[in-house]
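Residue-level structure breakdown
Listed here are the chains, written in short residue letters.
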Amino acid sequence: MKKLEWYKANPLRAWRTKRKPPLTQMEVAYKIGVSRQTAADWEKGGVQPSGDNLLKLAGMLSMKPRELRRKWARWYDSRSKVEV
């Protein structure tokens, strides 16, 4: 898997860009109550959402928190297969 494909497979990014109209990172951050940089870090795989932010994000994506956590963990763990 190429690095760009890995970034695009992020659960938040995939949902955000498939919406009509798509949401920006800033809009997602505003709705959840975090900085744009935090939302960007989630998409880049630098950190994972936790606690209240995970609950808010799961609600926004219409998922159960456990389901979102599993998808996120699967995506995050797949980085070892990324071609640099």
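Let us look at the structure shown here. (Residues numbered from 1 in each chain as written. Predicted model: local features only at pLDDT ≥ 70, side-chain atom pairs only at ≥ 80, totals over all residues. Heavy atoms only, no water.)

Moving on, we come to the overall build of the protein. Summing up its helical and strand segments, the protein has six helices and zero strands in all. Ordered by position in the sequence, the α and β elements of the protein form the string α-α-α-α-α-α. For 84 residues, the compact-globule estimate of 2.2 N^0.38 gives 12 Å, and the C-alpha radius of gyration of the protein, at 12 Å, lies within 12% of that figure. Dimensions of the protein along its principal axes, counting C-alpha atoms only, are 35 × 25 × 20 Å. Counting across all 84 residues of the protein, residues that qualify as buried make up 35%. At a minimum sequence separation of 6, the contacts of the protein that also span at least 24 residues come to 54%. Looking at the protein as shown, the accessible area adds up to about 5,500 Å², and 53% of this sits on carbon and sulfur atoms. The protein carries 20 positive and 8 negative side-chain charges, and their two centres are separated by 3 Å. (Helix = DSSP H or I, 4+ residues; strand = E, 2+ residues; numbered from the N terminus. Rg over C-alpha atoms; globule rule 2.2 N^0.38 Å. Buried < 20%, exposed > 50% of the residue type's maximum accessible area, 1.4 Å probe, protein only. Contact = heavy atoms within 4.5 Å. Areas by Shrake-Rupley, 256 points an atom, 1.4 Å probe, with all protein chains shown as cover. Lys, Arg positive; Asp, Glu negative; His and termini not counted. Charge placed at Lys NZ, Arg CZ, Asp CG, Glu CD.)

Turning to the environment of R13, a few remarks are in order. By the secondary structure assignment, R13 is in helix α2 (residues 11-18). C-alpha separation for the pair R13 and K44, spaced 31 residues apart in sequence, amounts to 9.4 Å.

Time to look at the packing of aromatic side chains. All chains considered together, the criterion is met by three aromatic pairs. Their ring planes at 80 degrees and their centres at 6.1 Å tell us that W72 and W75 sit as a pair that is edge-to-face. Within this pair, W72 and its partner W75 are both found in helix α6 (residues 65-77), separated by three residues, close to a single helical turn. Using a relative accessible area of 1% as the deciding quantity, one classes W72 as buried. Cluster of aromatic residues (ring-pair linked, three or more members): W6, W72, W75 and Y76. (Phe/Tyr/Trp six-rings, centres within 6.5 Å; stacked < 30°, edge-to-face > 60°.)

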